[in-house]
Structure formats: C-alpha cells, structure tokens
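One letter stands for each residue in the lines below.
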Amino acid sequence: MVIARRSLLWLVSLLALIGVYTLGARLLSRPDILPPTGEIAEAAGALLGRGVQLGAAGEEHAHHQHHPASPQMETLLQEGVTLQGALAVTTGRVLFGLAVGLPLGILLGLLMGASRRTDDYLHPLYILARSVPPLAFITYIMLWLGHSEAHRLIPIVYAVAVTMVIPTYHGARDVAAKYVEAARTLGARGRLLLFKVLLPAAGPAMLGGLRYSVAIAWMTAVGAEMLMAENGMGNLLVGGGLWSSRLQTRSDPAVIFVGILALAAAGWAMDAVVKVVGARLTHWARG
Amino acid sequence: MSWVRARRAAIGLLGFAALYLLASEIGQSRLPDRIWMGAHYVENVKLLPTWRALVEEGTFLIQSNILVDSIAVSTRRVVLGLLLGSVVGILLGLLTGAASRLEALADPWVTFFRFTPALALLPLYVIWFGYGESSKVLLIATNVAVVTFLGAHQGVRGVRRVYLDAAAALGADRWLTFRKVILPAAFPSILASFRVATGLAWVTIVVAELINAQMPSLGYLLALAGAYPRVPNMMIGLATIGALVLVFDLLALLLNAWATRWMERAA
C-alpha cells in the first residue's frame, strides 16, 4: 500500500515535471532556450534512427519546415550518429573503466588499509595522485600513446581507481581491524583472511564507494568524450572536440536535452543494478 | 603524526622524486622526441622533462605572472561556484530531508539531477548563459549543488529516530529540534559531501574554462600546453591544480574538524 502510494506520487511528480516544463517552454516561447516538449521528442525520434530523413523531410513532413533540422542535428545525422549507438559507446567505456579501475583501487585500498607501514609510505603519494583531475592529463596520454582509445579510457580507469581507494581503505582499516585481529588469533592467514574477513567486513563501505565510482565514471567518460573523441555521448552533446573549439557553432538545445535525459536514464539504470547486486552481496551486514 | 610516520611519508615522496629523476635522465636520450600528432610531426618533445627543465619552466611561468594570474582567476571561479552551489544544495537537501512528504514528490527531480553528469550540462549552459563568466561559475555550482544536496538530504535522513523522539518528549518545537538536533547530527554528512564537492569543482573547471577559452585561466593553460605541446608547462599546470585541490581539501578538513569539535572522537 505504501509502495503503491509512493509510486503514484512519483508518477504524479514526473508528469508534473513534464507539465511544468511544457508550460514554461510555451510561456517563454523561446525555442532556442527551452525547446518545446514536442521538439525534444522529435529530436529523440530522429536520433533513435527514425523520423526525419534529411532528403525526404521536405515532402513527407511538411510541418518540419517551421523549424528545419538544426546544424548540429544535421551533422549528427549525416555522420550516422544515433542515440543508442552513442550511448552504447559511452557505456562500453564506463564499463571498461569500472572493470579495470575497481580492482586497481580495491587492491591499493586493501594494501594501505591492511598494513600500517605500507600506508605510511604510500598515503602521501596517493593524496598527490588523487588531487590531479583525470581530465587534465588527456593530452599527456596522447603524447605517449597517440590519438587512440587510450586517452579516453585511461582517465576513466584512473578516476574510478582513485575514488575506490578511500572507502576500501577505511573499510579495511577501521571496520575490519578488530575482526582481523580476532581471525589472526584463531590462525587465519592469507587468502582465508582476505576473502572471509577483510573483504566482507569492508563490503558495506565499499558498496557506497562503488555507487559513487559509477557516477564518477560516467562524468569522466562524458568529459573525455567532450574534449577528445569522435563518438559517444560527449561527442553527441558538443559535436566533437571542445579542444578543437567546435563549440563555436551554436548547438541545438533539443539535441542536448535528449542527450542529458539519456545520460540520466543510463546512470540511473546502472546505479539500480549496482544497488541490487550490492544489497545481495552485503545482505548479512543488515542482519 | 608521529615521527616514524613523518619519516616514512618523506621517504615515500623522495623515493618517487628520485625515481622520476632516474626515469627522466635515462629517458632523455632514449624516448622519441619527434611525435606524430595525428596531422603532423612535432619536433623536440620531451616526454619526461628533467627536474631542471621543470624548475626553469616554473620560474618562467611565475615571473611572467602567467601562473599567478591564472591561479587567481580560476580560484575565484571555483570559490564562487562552491559558495553558490553549496548554499543552494544544502538548503534544498535540508528541506527535502526534513519534510518527508516532499520526498516522494521530489524524487524524480532528484533522480534526474543526481544521475546527470554535470559536465553534460556545459553545452546547455552555453546556450542559456552565454560564453561568459556565468556559464563557468554556474556549471561548477551545479556540480557542487548536486553533491552537497545529497549529503544534506542523507544527513537529515540518517538522524536517529531516538533523538527526534527524545527531543519531542522534552517538548522541543520543530525549529528547536531542527537547530539543536537535526542540523548537528547531519553536519558530518554535509561536510563530507562538501569535501567531495571541492574536488569535483576543480575537475569541472578544467573543462568549463574551455568555454570561450581565454588566458589567464588554468583550464586554458593546460589546453594550450597540450596543443603546442609543451610538456614542462603541462606538468606545472597539472601540479598547480593538484596543489590547489590539496589546499582546498585541507581547508574543508579544517572546517570539518572545527564544526564538529563538540563530537566525541576515538583518537
């Protein structure tokens, strides 16, 4: 009953959000600032691969002549960019970043959390490394590895790893210390200690870090694509390469709205998966 | 911090510096200095500049006032964004956290903003607020607001029921409860999120300052260094941003310690 009421409220609020926006856009009547809801839906349709065919637009969709496809939309359609395609590319990069970055971050966090000595030596270096924004060294990676996929993937890996260190570290150091001591007294060592004591004890803290890492991975991926990439959501939004300053061309707000909505939906979906999986993995923690 | 820990920290840092020294001296003759940039070759690129080259570049950047001016401009943007974003974020978070009826209503809006990578708003902000100062500051502010909002919201939500019941039983009205129970209890969560937000603000500026990029600014300094490419300049830029992130993080930590000094702490 409570859940039903909550989801009803949720739905009402969502509809209200759309309603308020539609009304606001109509009142302002500046499609270059707040594009009407219909135009956003149209842009979404076009980017999903149906709707506006550039050549046929004239005869089949007569009403399009009021607002012909914007330069940004035209470029995107000419390049064969679709929303699902761009989203798939970005999702792939995010998943790669998580797949490589999470183990790295967890390993470093465990190393620093498990041994006081290692922590003393490594922590200052970690703090230095953490302070450098991952998007800032894209060009440096390019100098080493050329214009390739590497300079989009490495910043994501780096951002994820650096984010994941702290929760693992605190989980292992603060939460697990007393369990580790107890387990050691009972003779547990090595792999047993790691998988049966250290990781489970740090689990809940790591789950929080994981959810945050996912958000960071998405942001870094979009940022890297906005700066230097020929595909993906960041490219769809800015039309390719902030550093090549193509931002000078006026962008189409409808396209940007569609992109942002798609990113929000994708981020939400991935977070929901992490939440469900994480709750399973740490269900014992809530007893 | 004990003596042993300080010594180990110094050894760690010096060890890294020495490793870099070794790598850059060896690399100087072995690494390629002609680099294919996609369209043309660039000559005389030092992939690992020596410490000497870094110091020379650093002195030049400081003496020519480029670095100092860039730091001033970028820091001003970050501070403005942080102030604006955290005030809005924390107020909204406290409001939605305290009024449970609002929560279900606000949820879709919150979800939307929470999962939108704030950098994705950049082209939209350019359309809305132009190429000037306001887009940059507002982009940072948005990023900060989202994070601090979640921190404040979860902080208020996490207040123990017992405290609220106790306050109610003792006859505290809503405002007093909010001021003396909810706010102090939510403070650690809010400040933790603020600390995260300071880091994000500096991540954002690297990209935000490419909107109508102009000197002086750290974001454009990096972009220019990358375009030439001039590696020592790039590294000084990275180190400067890193140092500023460290300073801001330290300030946030101090604020945290000062604001929660009433709490009992284990060691």
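So, a few notes on the structure that sits alongside this text. Please read all numbers here as calculations on a predicted model, not as lab measurements.

### Some points on the interface of chain A and chain B
Move 1: In this assembly, 47 residues from chain A lie in contact with 49 residues from chain B.
Move 2: The dominant element in the side of chain A that touches chain B, judged by the number of residues it contributes, is helix α12 (residues 253–281) of chain A, at nine residues.
Move 3: A breakdown of the residues in the side of chain A that touches chain B according to their chemical character gives 35 nonpolar, nine polar and three charged.

### Brief notes about the packing of helix α6 (residues 116–131) of chain A against helix α10 (residues 231–259) of chain B
Move 1: For the pair α6(A) and α10(B), interaxial distance at closest approach is 8 Å and the crossing angle is 110 degrees. By the angle between their axes, α6(A) is roughly perpendicular relative to α10(B). Considering how the two elements wind past one another, α6(A) and α10(B) form a crossing that is right-handed. Counting all contacts with α6(A), which are made through Ile127(A), Leu128(A) and Ser131(A), the residues of α10(B) involved are Gly242(B), Val245(B) and Leu246(B).
Move 2: Tallied by class, residues from the contact of α6(A) with α10(B) come to four nonpolar, two polar and no charged.

### What to know about the environment of Ala185(B)
Residues and elements named next belong to chain B.
Move 1: In this structure, Ala185 sits in helix α8 (residues 174–208).
Move 2: According to the C-beta neighbour criterion, Ala185 is partly exposed, with 16 such atoms within 10 Å.
Move 3: With 29 residues separating them along the chain, Ala185 and Val156 place their C-alpha atoms 7.4 Å apart.
Move 4: What Ala185 contacts, discounting residues up to four positions off in sequence, is Val159 and Tyr163.

### Considerations on the environment of Ala152(B)
Residue and element names in this part refer to chain B.
Move 1: Assignment of secondary structure puts Ala152 in helix α6 (residues 133–157).
Move 2: For Ala152 and Phe194, which are 42 residues apart along the polypeptide, the C-alpha to C-alpha distance reads 9.5 Å.
Move 3: Those residues in contact with Ala152 that lie beyond four places of it in its chain are Gly89, Ile90, Gly93, Leu94, Gly97, Ala186 and Ile190.

So, how was this worked out
Residues numbered from 1 in each chain as written. Chains lettered and ligands numbered in written order. Predicted model: local features only at pLDDT ≥ 70, side-chain atom pairs only at ≥ 80, totals over all residues. Contact = placed C-beta atoms within 7 Å. Helix = DSSP H or I, 4+ residues; strand = E, 2+ residues; numbered from the N terminus. Nonpolar A, V, L, I, M, F, W, Y, C, P; charged D, E, K, R; others polar. Axes fitted to C-alpha atoms, helices over the stretch in contact; angles between N-to-C directions. Parallel < 35°, antiparallel > 145°, perpendicular 65-115°, else oblique. Left-handed = near helix turned anticlockwise from the far one by under 90°. Buried ≥ 20, exposed ≤ 12 C-beta atoms within 10 Å, placed from the backbone.

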